[in-house]
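The lines below spell out each chain.
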Amino acid sequence: MQKILIVGGVAGGASAAARLRRLNEEAEIIVFEKGEYISFANCGLPYHVGKVITERQQLLVQTVESMKNRFRIDVRVRSEVLCIDRQKKEVTVLNHVNGKTYTENYDILLLSPGAAPLRPPIPGIDSPRIFTLRNMADMDAIIQAVDNKTCGEAVVIGGGFIGLEMAENLHLRGFKVTLVEMAEQVMLNLDREMAAIVHNHLRQKGVNLILQDGVAAFNVQENRTMAILQSGKKILADLIILAIGVKPDTQLAKDAGLELGQKEAIKVNEYFQTSDPSIYAVGDAIETFDFSTGQPAWLPLAGPANRQGRLAADIIAGRSTVYGGVQGTAIAKVFDLTVASTGKNEKTLQSQGIKYFASFTHTNSHAGYYPGATPLTIKLLFGEQGELLGAQVIGQDGVDKRIDVLATALRLKANVDDLSGLELAYAPPFSSAKDPVNIAGYVAGNILRGDVEIIHWHQLANLNREDTVILDVREKAEQEAGFIPGSINIPLGQLRKRLAEIPSDKEIIIYCQVGLRAYVAARILLQKGYTRVKNLSGGFKTWFPVAKDLNYPISYPSHQEEIAVTAENS
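All values derive from a computational prediction rather than experimental measurement.

Student: Just checking my understanding: could you explain the overall build of the chain for this structure?
Tutor: A count of helical and extended segments in the chain gives 14 helices and 35 strands. Against the compact-globule benchmark of 25 Å for 570 residues, the chain has a radius of gyration of 27 Å, which places it among compact chains. Along the longest, intermediate and shortest principal axes, the C-alpha atoms of the chain span 90 × 60 × 40 Å. Among the 570 residues that make up the chain, the fraction classed as buried is 54%. Expressed as a percentage of contacts within the chain between residues at least 6 apart in sequence, the contacts between residues at least 24 apart total 62%. Per element, the accessible surface of the chain, about 25,300 Å² overall, is 49% carbon and sulfur. Separation of charge centres in the chain, based on 60 positive and 63 negative side chains, amounts to 2 Å.

Student: Got a minute to help me understand the nonpolar core in this structure?
Tutor: If you look at soluble globular proteins, the nonpolar side chains tend to sit buried side by side. Of all hydrophobic cores here, the largest spans 49 residues; its most connected members are I6, I84, V91, L109, L111 and F272. The biggest single contributor to this core is helix 8 (residues 302–316), with five residues. Beyond its immediate sequence surroundings of up to four residues, V91 is in contact with L5, F32, V81, C83, I84, Y102, T103, E104, Y106 and L109. V49, M187, L211 and I241 belong to the second-largest nonpolar core, a separate cluster that totals 42 residues.

Student: What is the right way to read unusual backbone geometry from this model?
Tutor: Backbone geometry follows two general trends: most residues other than glycine have a negative phi, and most peptide bonds adopt the trans configuration. Even without being a glycine, R72 presents a positive backbone phi close to 50°. Its location among the elements puts R72 in the loop between helix 3 (64–71) and strand 5 (74–77). For R72, a relative accessible area of 46% corresponds to the partly exposed category. A positive phi angle, near 60°, is found at N551, a position not held by glycine. Structurally, the position occupied by N551 is in the loop between helix 14 (539–550) and strand 34 (553–554).

About the thresholds
Residues numbered from 1 in each chain as written. Predicted model: local features only at pLDDT ≥ 70, side-chain atom pairs only at ≥ 80, totals over all residues. Heavy atoms only, no water. Helix = DSSP H or I, 4+ residues; strand = E, 2+ residues; numbered from the N terminus. Rg over C-alpha atoms; globule rule 2.2 N^0.38 Å. Buried < 20%, exposed > 50% of the residue type's maximum accessible area, 1.4 Å probe, protein only. Contact = heavy atoms within 4.5 Å. Areas by Shrake-Rupley, 256 points an atom, 1.4 Å probe, with all protein chains shown as cover. Lys, Arg positive; Asp, Glu negative; His and termini not counted. Charge placed at Lys NZ, Arg CZ, Asp CG, Glu CD. Core = buried A, V, L, I, M, F, W, Y, C linked by side-chain atoms within 4.5 Å.

Laid out in structure tokens, this is it:
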């Protein structure tokens, strides 16, 4: 009879244990969990703080009793595995209930220790008023602190998923929230112009967003804590959430001499085997690989951890399967926005030396004539042969549907023409006859075929204005919301009659609201003999959020001069 020990529950370990029992009724399976709960919905913790999830019990995915009764698994909570003796194939366990240690031998050992919140050596960081959020106990401590304040000020350090979710849920609880992020943007899975949409939305919701600044020290006072930033700014708060990221919790593996990779994550092969073939590992603690490039990757996300646990169980049980790698599909709620991505972003593609194209499309979440349609922004990244490399989607409705289609296309190695050919479900309340994914495919295909050359928002700053005309083909009424400084306005419907106003010896940069009319205008000019014509990808709707976020000059018809519109006064 095979004896399998699993270290760690939650996503990877609990999934592996349940799957192993379904595949092997006779194996002896023991799960050790240092905490009190074997399996809980850690992604739901911020929402219980905000009382969106009202019942604490709803976060408990599996209890010790249900695991024992349903799967006949020996579950030992509050039991910490202290060390691994690979020669004897045994572990030493500390029972935190009675304080005693004992050993347990194994045939197969599966490690699923997860990741731990980063706590850099910042003065004052060990104050009990500075919280991290990883488990149920952390959540309980935050709720107790929140409940003690009918209202107050909170500082969230870190603009990743947990930081943004905590900012929103503390705001729901009546706190005035300041979000501090050391990088130039929140959500590093996004590219800069997509993150700008999130920045503007956070400010609109009343969040005090501080970018490119970190914490130098915490000064604990009588009833409050002061966060002293590297810039010298001081923020007095009733509550501080530290959400600057996580690191693989791999001290146990390191002490056992298992090979580690980047960020000291446990190196595994496509079968989840570590450098010791009797020891497997899954979840946030492992270094796996990018499915498209084969390059090492560390991706602490719940979805991959669950799938890895199931696959590892299949492999341990003798089924013929291998892991296909990670692609980084993620989604988050940020107040009224849904923000999602899959595959690579521009920063990653550039760092890996991969040539790519980018396109932006802005469409409605469903048919515009049906009530309730909301804007949807899609960014595609694709290769020279049209192969899909990554995608980012932001909107209020229908984002999850589109990112899942794009993630599936990416996994199946589809190209942009495949996107335009997808037959997707359509009815006016749900989509349009040409779904936003189809539109994104059409636009990307036009770029690849050379139907029009594009230019991106960040390239406008490098133009030689003496040799360039920026042409706005929107209607006059649309200019009331602002226009790109120095541009001239000729509405598309008047373009053919006013060609004499457009010099043929200069570069013509055309934009409209989202890019469609500018594409039509570009096709007109190209067929009228103009040779240096480019379409601003995504149009004014891509450029404007970045301009607001970065305080670029924005012109208005009612002003003679260019004015800078900040997010605070827009």
